[in-house]
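Okay, here's what each chain looks like letter by letter:
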Amino acid sequence: MYYELYIDVLFLVNFMMDYLLLLIVKRILKCSATHGNICIGSLAGSFMTCVVIAAPFENTLIKFILFHFVISLLMLKIGLGLSSLEETLRGFVTLYISGFLLGGILTYLHQYVRTGSLFFGIAVLGYQLVQWVWSFIVCLQRFSCHRCRVTLYFWGAAHTVDAIIDTGNSLRDPVTGKPVCVVEKNEIYKIVREESTDGLRTILFHTIGKEQGEIPVIELTQMCVHNGKEYWIDNPVIGICGERISAGGGYGMILNPDIF
């Protein structure tokens, strides 16, 4: 059993795949490499792949190292100009994850296409799908990073609530000058008696769909934000919201990023 290999077709296919993968890595890592640099890196990777395949190496370990380490690192160095060890490792991991995603997408789509000439169109479509997958992963990561848990303390009483860090929350207390976080009244009543909140001073706020409103504020004893590590805030100013903050009930507090 033998395979007939056309070196020009192999070179062209590898060049296109290397170009798409380097382009994905460039966008993920936000590198400053130009399309010309990526093109040169892809040409180098494709050329080296053809050389290694054509070379009479009997040792499979040597070929494995050349294919999966030497050529990949060479492509990243020439195409994206990665210099530091940290950047190179990130680029290497991103390159292989993108390669697995793109390879899986191409394998799945190829079964529905019988015309070989459509391979390049499938590859471009696969590239777009990989971009969407990465964007979705980044969105999930950002969403999870902006979610945390907060423990509120008020004269010996404590209560933990799910919260989000909202960069759009710039509310400040005009009296103390402190940033104001907003908590649902049902959550704050777990540590503060409801009748104790009567007569609290109010501050003005603006939201989308509501030009101006007033919200009562209270100063707690302490607050601890659990976000990978603990952030302790003494005497935080808390705005008490009479409505549900989250429509789905996923969180009951909005943190002002200025507290950090």
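Residues numbered from 1 in each chain as written. Predicted model: local features only at pLDDT ≥ 70, side-chain atom pairs only at ≥ 80, totals over all residues. Heavy atoms only, no water.

**A short note on the overall build of the protein chain**
Consideration 1: The helix and strand tally for the protein chain stands at 6 helices and 9 strands.
Consideration 2: Scored against the burial criterion, the 260 residues of the protein chain give a buried share of 38%.
Consideration 3: Partitioning the intrachain contacts of the protein chain with sequence separation of at least 6 by distance along the chain shows that 64% fall at a separation of at least 24. (Helix = DSSP H or I, 4+ residues; strand = E, 2+ residues; numbered from the N terminus. Buried < 20%, exposed > 50% of the residue type's maximum accessible area, 1.4 Å probe, protein only. Contact = heavy atoms within 4.5 Å.)

**A word on the pairing of strand E2 (residues 157-165)**
Consideration 1: Where strand E1 (residues 147-154) meets E2, 8 bridges bridge the pair, whose relative direction is antiparallel. Residue Arg149 lies in a different strand from E2, and its bridge partner there is Asp162.
Consideration 2: Between E1 and the antiparallel strand that follows it, E2, lie 2 residues; Trp155 among them carries a positive phi value of about 50°.
Consideration 3: In this sheet, strand E9 (residues 253-255) lies alongside E2 in parallel orientation, the contact comprising 3 bridges. The residue bridging Ala163 from the neighbouring strand is Met253, located in E9. (Pairing = 2+ DSSP bridges.)

**Comments concerning the packing of aromatic side chains**
Consideration 1: By the definition in use, this model includes 6 aromatic pairs.
Consideration 2: Judged by centre distance (5.7 Å) and plane angle (15°), the ring pair of Phe69 and Phe92 falls under stacked. Here Phe69 is found in helix H3 (residues 60-80), whereas its partner Phe92 is found in helix H4 (residues 85-110), with 23 residues between them in sequence.
Consideration 3: Take Phe69: its relative accessible area is 37%, and that puts it in the partly exposed class.
Consideration 4: The class for Phe92 is buried, based on a relative accessible area of 18%. (Phe/Tyr/Trp six-rings, centres within 6.5 Å; stacked < 30°, edge-to-face > 60°.)

**Focus: unusual backbone geometry**
Consideration 1: With a phi close to 50°, Trp155 is a non-glycine residue in the positive phi region.
Consideration 2: With a relative accessible area of 71%, Trp155 lands in the exposed category.
Consideration 3: The backbone of Asn235 sits at a positive phi, close to 50°, despite the residue not being glycine.
Consideration 4: With respect to the helices and strands, the residue Asn235 is situated in the loop between strand E7 (229-234) and strand E8 (237-241).

**Section: the environment of Val225**
Consideration 1: Along the chain, Val225 turns up in strand E6 (residues 222-227).
Consideration 2: C-alpha separation for the pair Val225 and Val161, spaced 64 residues apart in sequence, amounts to 9.9 Å.

**Description of the nonpolar core**
As a rule of thumb, nonpolar side chains are buried together in soluble globular proteins.
Consideration 1: Counting residues in hydrophobic clusters, the biggest one holds 28 residues, and the most contacted among them are Leu76 and Leu80.
Consideration 2: At the level of secondary structure, the elements contributing two or more residues to this core comprise helix H1 (7-29), helix H2 (35-54), H3, H4 and helix H5 (119-145).
Consideration 3: The element contributing the most residues to this core is H1, with 9 residues.
Consideration 4: Not counting chain neighbours up to four residues away, the residues in contact with Leu76 comprise Leu22, Val25, Gly81, Leu82, Thr88, Gly91, Phe92 and Leu95. (Core = buried A, V, L, I, M, F, W, Y, C linked by side-chain atoms within 4.5 Å.)

**Here we look at the side chain of His159**
Consideration 1: Note on placement: His159 falls in strand E2.
Consideration 2: Overall, His159 belongs to the buried group, its relative accessible area being 16%.
Consideration 3: A polar side-chain atom of His159 sits 2.6 Å from a polar atom in the side chain of Glu187.
Consideration 4: Look past the residues within four positions of His159 in its chain and what remains in contact with it is Val150, Thr151, Leu152, Glu187, Lys190 and Ile191. (Polar contact = N/O pair within 3.5 Å; in protein donor to acceptor, adjacent residues only side chain to side chain.)

**Focus on the confidence of the model for the protein chain**
Consideration 1: With 88% of its residues at a pLDDT of 70 or more, the protein chain shows a mean pLDDT of 82.
Consideration 2: The least confident element of the protein chain is H5, whose mean pLDDT is 70; the most confident is strand E3 (residues 180-184), at 92. (pLDDT = per-residue confidence, 0-100.)

**A few points about the pattern of salt bridges**
Any two side chains of opposite charge can pair, so long as their charged atoms come close to each other.
Consideration 1: If you walk through the whole model with that rule in mind, you get 4 salt bridges.
Consideration 2: With its nearest N and O atoms 2.5 Å apart, the salt bridge here joins Asp162 to Arg149. Linking Asp162 in strand E2 with Arg149 in strand E1, this pair joins segments that are 13 residues apart in sequence.
Consideration 3: Using a relative accessible area of 31% as the deciding quantity, one classes Asp162 as partly exposed. (Salt bridge = Lys/Arg side-chain N within 4 Å of Asp/Glu carboxyl O.)

**Re the packing of H1 against H2**
Consideration 1: For the pair H1 and H2, interaxial distance at closest approach is 8 Å and the crossing angle is 135°. The angle between H1 and H2 falls in the class oblique. The chirality of how H1 crosses H2 is right-handed. Residues Ile7, Leu10, Phe11, Asn14, Phe15, Asp18, Tyr19, Leu22, Leu23 and Lys26 of H1 form the contact with H2, whose participating residues are His35, Ile38, Cys39, Gly41, Ser42, Leu43, Gly45, Ser46, Phe47, Thr49, Cys50 and Ile53. (Axes fitted to C-alpha atoms, helices over the stretch in contact; angles between N-to-C directions. Parallel < 35°, antiparallel > 145°, perpendicular 65-115°, else oblique. Left-handed = near helix turned anticlockwise from the far one by under 90°.)

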